[in-house]
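Examining the three-dimensional arrangement
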Amino acid sequence: MGSKIHLKSLFSGLQAQMFAQLNTNREFILHPGSKGDSLEDTWIEWLRKYLPNRYCIDKAIVIDSSGQLSDQIDLVIYDQQYTPFVLTQNGFHYIPAEGVYAVFEVKPDFSGSITSAGESINYIEYAGRKIESVRRLKRTTTSIIDRGCKYDPRPLTKIVGGILASTNSIKKKETLESHLKSLSGLQGIDMGCAVDYGAFFIDHIGEENIKTTDYSQRILDYYNERRINEIEFSKSEISLVSFFFQLMRYLQQSIGTVAAIDLSEYSKAINLEIDEEL
């Protein structure tokens with residue numbers, strides 16, 4: 001009989017390694033900007049290591065075919081198979097909205113506030129606004145040819161939105177839940193993780209209206225009409241593993257592959273008409 005590995009111990013080792021790295025960055029990098037960049041880079045490198053190679057991960061600004069921009073996003077999970085260009089200027093990435101699978105705000109702590117548009121808001125609400133800045137962008141979709149067969153444009157996919165942190169110092173679980181439940185529509189958060197506290201995911205009630213053929217309106221209606229059913233939290237000792245498993249479930253079984261980008265919409269920016277037949 002072959003030998004076996006104790007998976008729980010293996011995942012516990014992974015959890016300890018990730019926590020040690022994040023905690024070191026939080027305690028010993030004193031400059032706020034440097035600390036933020038370091039935390040973002042740590043999460044990015046961790047996801048690059050463990051997510052399948054089909055997913056790209058970077059900090060970026062998301063763009064659409066009309067020239068609209070998202071806010072600066074700490075961590076974007078995106079596709080490059082059906083979105084064949086990512087623009088890089090001065091070391092920063094500009095990713096077409098069609099290629100985005102998920103976006104995350106990275107903070108040292110779930111607790112905290114920041115000034116945005118002249119008002120002080122908590123980090124959870126700030127994350128929601130960042131997520132909204134991506135989900136509101138225009139996304140195109142077009143037909144593809146696979147193994148010699150042409151397939152009609154697929155509906156737009158959901159974009160996972162979340163927040164990542166090293167710790168959570170919000171004392172009452174009810175307070176954290178209240179912050180999360182206050183977000184709705186395009187700002188709604190789907191999941192998150194505070195390494196020494198636990199991961200969470202939000203179970204929403206609501207389905208897309210598959211009879212709607214206006215895909216942009218269809219996805220907008222879905223976000224505006226869905227409601228929170230419950231919020232589930234993992235134990236702190238399995239926070240990273242829980243977060244990773246749930247993220248993979250969303251990516252592989254709920255989203256699948258993003259819609260193919262319609263390059264003819266982007267080519268209008270340079271007054272180029274693309275020939276659609278060979």
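Residues numbered from 1 in each chain as written. Predicted model: local features only at pLDDT ≥ 70, side-chain atom pairs only at ≥ 80, totals over all residues. Heavy atoms only, no water.

1. Considerations on the pairing of strand β12 (residues 198-205)
- Bridge count for strand β11 (residues 191-194) against β12 is four bridges, and the pairing is antiparallel. Paired with M191 across the strands is F201, a residue of β12.
- Where β11 folds back onto β12 in an antiparallel hairpin, the turn is made up of three residues. (Pairing = 2+ DSSP bridges. Helix = DSSP H or I, 4+ residues; strand = E, 2+ residues; numbered from the N terminus.)

2. Some words on helix α4 (residues 173-181)
- Those residues of α4 lying buried are L176, E177 and L180. Axial view of α4: buried residues confined to an arc of 100°, hence all on one face.
- Elements in contact with the buried residues of α4: α3 (123-135), β12 and β13 (227-233). (Buried < 20%, exposed > 50% of the residue type's maximum accessible area, 1.4 Å probe, protein only. Arc of directions from axis to C-beta. Contact = heavy atoms within 4.5 Å.)

3. Focus: the side chain of K59
- On the secondary structure map, K59 appears in strand β1 (residues 56-63).
- You can call K59 buried: its relative accessible area is 18%.
- Only 3.0 Å separates the side chain of K59 from the side chain of E40, close enough to count as a polar contact.
- Among the polar contacts listed, one links the side chain of K59 to the side chain of D41, at a separation of 3.2 Å.
- Leaving out residues up to four positions away in the same chain, K59 has contacts with D37, E40, D41, I44, I73, D74, F92 and H93. (Polar contact = N/O pair within 3.5 Å; in protein donor to acceptor, adjacent residues only side chain to side chain.)

4. Notes on the side chain of T141
- Locating T141 in the fold gives a position in the loop between α3 and β8 (144-146).
- Look at T141 and you get buried, because its relative accessible area is 18%.
- Among the polar contacts made by the side chain of T141, one reaches the main-chain carbonyl oxygen of R154 at a distance of 2.8 Å.
- Leave out the neighbours within four places in its chain, and T141 touches P153, R154, L156, Y215, A259, A260 and D262.

5. Looking at the confidence of the model for the protein
- In the predicted model, the protein carries a mean pLDDT of 89, and the fraction of residues at 70 or more is 93%.
- Per-element mean pLDDT across the protein ranges from 71 in helix α1 (residues 7-28) up to 98 in α3. (pLDDT = per-residue confidence, 0-100.)

6. Regarding the pattern of salt bridges
- Throughout the structure, instances matching the rule amount to 14 salt bridges.
- Ionic pairing is found between E40 and K59, a salt bridge with its closest N-O pair at 3.0 Å. Taken together, the residues E40 in helix α2 (residues 32-50) and K59 in strand β1 connect sequence positions 19 residues apart.
- On the accessibility criterion, E40 (9% relative accessible area) is buried. (Salt bridge = Lys/Arg side-chain N within 4 Å of Asp/Glu carboxyl O.)

7. Observations concerning the pairing of strand β6 (residues 113-116)
- Bridge analysis of β6 against strand β7 (residues 119-122) gives four bridges, and the strand direction is antiparallel. Considered in β7, the bridge of I114 is made with I121.
- The loop that links β6 with its antiparallel partner β7 comprises two residues; one of these, A117, has a positive phi angle of about 55°.

8. Describing a negative patch on the surface
- Residues E273, D275, E276 and E277 make up a contiguous surface patch of negative charge.
- Mapped onto the fold, E276 is located in the segment after α7 (263-267). (Patch = residues over 30% accessible without salt bridge, like charges linked within 9 Å, V, L, I, M, F, W, Y side chains within 5 Å. Areas by Shrake-Rupley, 256 points an atom, 1.4 Å probe, with all protein chains shown as cover. Lys, Arg positive; Asp, Glu negative; His and termini not counted. Charge placed at Lys NZ, Arg CZ, Asp CG, Glu CD.)

9. Digging into the sheet that holds β12
- Here nine strands make up an open sheet; going across it, the order is β3-β4-β1-β2-β5-β10-β11-β12-β13 and the pairing mixed. For this open sheet the edge positions go to β3 (87-89) and β13, each flanked by a neighbour on one side alone. Taken pair by pair, the neighbouring strands of this sheet meet at an average axis angle of 35°, ignoring direction.
- Across four bridges, the pairing between β1 and strand β4 (residues 92-96) is parallel. What sits directly across from V62, in β4, is I95.
- On the sheet, helix α6 (residues 239-255) packs against β2 (69-78), β5 (100-109), β10 (160-167), β11 and β12 and is oriented at approximately 160° with respect to β11. (Axes fitted to C-alpha atoms, helices over the stretch in contact; angles between N-to-C directions.)

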